[in-house]
Amino acid sequence: MEQHLIALDLDGTLLKDNKTISDRTYDVIQQAKQAGHIVVIATGRPYRASKMYYEQLDLTTPIVNFNGAFVHHPKDDSWGMYHTPLQLETVREIVEVSRKYNVRNILAEVMDDVYFHEHDEQLLDLFNLGNPNVYIGNLRDILRKEPTSILILSDEQNVGRIRTYLSEVHANVIDHRSWTAPWHVIEIVRTGIHKAVGLEKIASFYGIPRERVIAFGDEDNDIEMLKWAGVGVAMGNAIEPLKAIADDVTKTNEEDGIAIYLQSLLKL
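The present account deals with the structure reproduced in this document.

Conventions we followed
- Starting from 1, residues in each chain are numbered consecutively following that chain's sequence as written.
- For this predicted model, a pLDDT threshold of at least 70 governs which residues receive local features, and a threshold of 80 or more governs which side-chain atom pairs are given and counted, while totals over whole chains, interfaces and linings are taken from all residues.
- Only hydrogens and water are set aside; all other atoms, that is, all heavy atoms of the structure, feed into the side-chain values.
- At least two DSSP bridges between two strands are needed for those strands to be called paired.
- Each helix is a run of DSSP H or I of at least 4 residues and each strand a run of E of at least 2, with the numbering of both proceeding from the N terminus.
- Between N-to-C directions, angles span 0 to 180 degrees; the directions come from axes that are lines fitted to C-alpha atoms, helices contributing only their stretch in contact.
- Contact criterion: two residues are considered in contact whenever any of their non-hydrogen atoms come within 4.5 Å of each other.
- By convention a crossover is right-handed if, when the strands point away from the viewer, the path from the first strand over the helix to the second runs clockwise.
- Buried residues are those whose accessible area, probed at 1.4 Å on protein chains only, stays under 20% of the maximum for their type, while exposed residues exceed 50% and partly exposed ones sit between those limits.
- An angle below 35 degrees is read as roughly parallel, one above 145 as roughly antiparallel, one from 65 to 115 as roughly perpendicular, and any other as oblique.
- Helix crossings get a hand from a simple test, with the near helix turned counterclockwise from the far one by less than a right angle marking a left-handed crossing and a clockwise turn marking a right-handed one.
- All residues other than Ala, Val, Leu, Ile, Met, Phe, Trp, Tyr, Cys, Pro, Asp, Glu, Lys and Arg, Gly among them, are scored as polar; the first ten of these are nonpolar and the last four charged.
- The working definition used for a salt bridge is a side-chain nitrogen of Lys or Arg within 4 Å of a carboxyl oxygen of Asp or Glu.

Details of the sheet that holds strand β5 (residues 81–83)
An order of β3-β4-β5 is seen for the 3 strands of this open sheet, with the pairing classed as antiparallel. Edge positions in the sheet fall to β3 (63–65) and β5, since each of these pairs with one other strand and no more. Ignoring which end each strand starts from, the neighbouring axes of this sheet average 10 degrees apart. In terms of strand pairing, β3 meets strand β4 (residues 70–72) through 3 bridges, oriented antiparallel. Bridging from a neighbouring strand, N65 pairs with F70 of β4. Where helix α8 (residues 195–206) meets the sheet, its contacts fall on β3, β4 and β5, and the angle it forms with β3 comes to roughly 165 degrees.

Focus: the pairing of strand β8 (residues 133–136)
Judged from the 4 bridges that link them, strand β7 (residues 113–116) and β8 form a sheet pairing that is parallel. Within β8, the residue paired with D113 across the bridge is N133. The handedness of the β7 to β8 crossover, carried by helix α5 (residues 121–126), is right-handed.

Brief notes about helix α11 (residues 257–265)
Among all positions of α11, only G257, I258, A259, Y261 and L262 are buried. Buried residues in α11 make contact with β1 (5–8), α1 (10–14), α2 (23–34), β12 (213–217), β13 (231–234) and β14 (248–249).

So, the packing of helix α4 (residues 88–98) against helix α7 (residues 156–170)
One can describe the packing of α4 onto α7 by two numbers: an axis separation of 12 Å at closest approach and a directional angle of 140 degrees. Relative to α7, the element α4 is oriented oblique. Between α4 and α7 the crossing geometry is right-handed. Contact residues: α4 offers T90, E93, I94 and V97, while α7 offers Y165, L166 and H170. Of the residues that constitute the contact of α4 with α7, the class distribution is 4 nonpolar, 2 polar and 1 charged.

Examining the pattern of salt bridges
All told, the structure shown has 13 salt bridges when counted by the stated rule. Put simply, D11 and K19 hold a salt bridge, and the shortest N to O gap is 2.7 Å. Given a relative accessible area of 40%, K19 falls into the partly exposed group. Note that K195 is salt-bridged to D222, the shortest N-O span being 2.6 Å. Of the two residues, K195 is situated in helix α8 and D222 in the loop between β12 and α9 (223–228); the sequence distance between them amounts to 27 residues. The same class applies to K195 as to D222, namely buried. In the salt-bridge network here, residues are joined through shared partners; they are D9, K195 and D222.

Here it is in structure tokens:
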């Protein structure tokens, strides 16, 4: 069988709800690698919060982090590093305007440094994975580097209003999407950045055409990746808009959906 590139989202896709990889899925991924296929991770997480799964799968490939805003090869510095941050002045404008919407907090991530606008123990625990450098204070004052992404934590009723403002004022420089419950978070990256951007770089490096790229996902930050891939597969637990554009739907992340699909498609 011809070589395929297999792209795996993490949360809700490769990972079960308890944030582990099932034994069956792990075994099938190893079989796919042994058969000569290329396996990569494509996630919205920073590298520090995905490194443990990269190492668990014993990958030796580039990785897509921050939904495509950071793409690099953890084991080969010569491969290149693609970092596409937000403009600092845009971030400062968003921080200033956000006060009108009574946001709960704003976070900025500069690679593996995390900046909190307000102190929040719950968020500190959530974003402490990988032991980042943490800074707390007014982002307009303490943020001196262009951030990879920013996250706005809001009350549910204000998410729509904030996203409308972002679309009306900053549409030419940023893209934004919202997380699903329980976190009412708006995630902002530079315009034109999504997982497919990183996946295309990796596919080109390995000389694998789009029609032999298989991508798995479950959320709206996977839409562009599944559209771009020759075979875009939505998990059974995926949101309906993703299932609508996917080429196929597999079982859920709790039912070894990735393993079942790869075994069938790649004859493993």
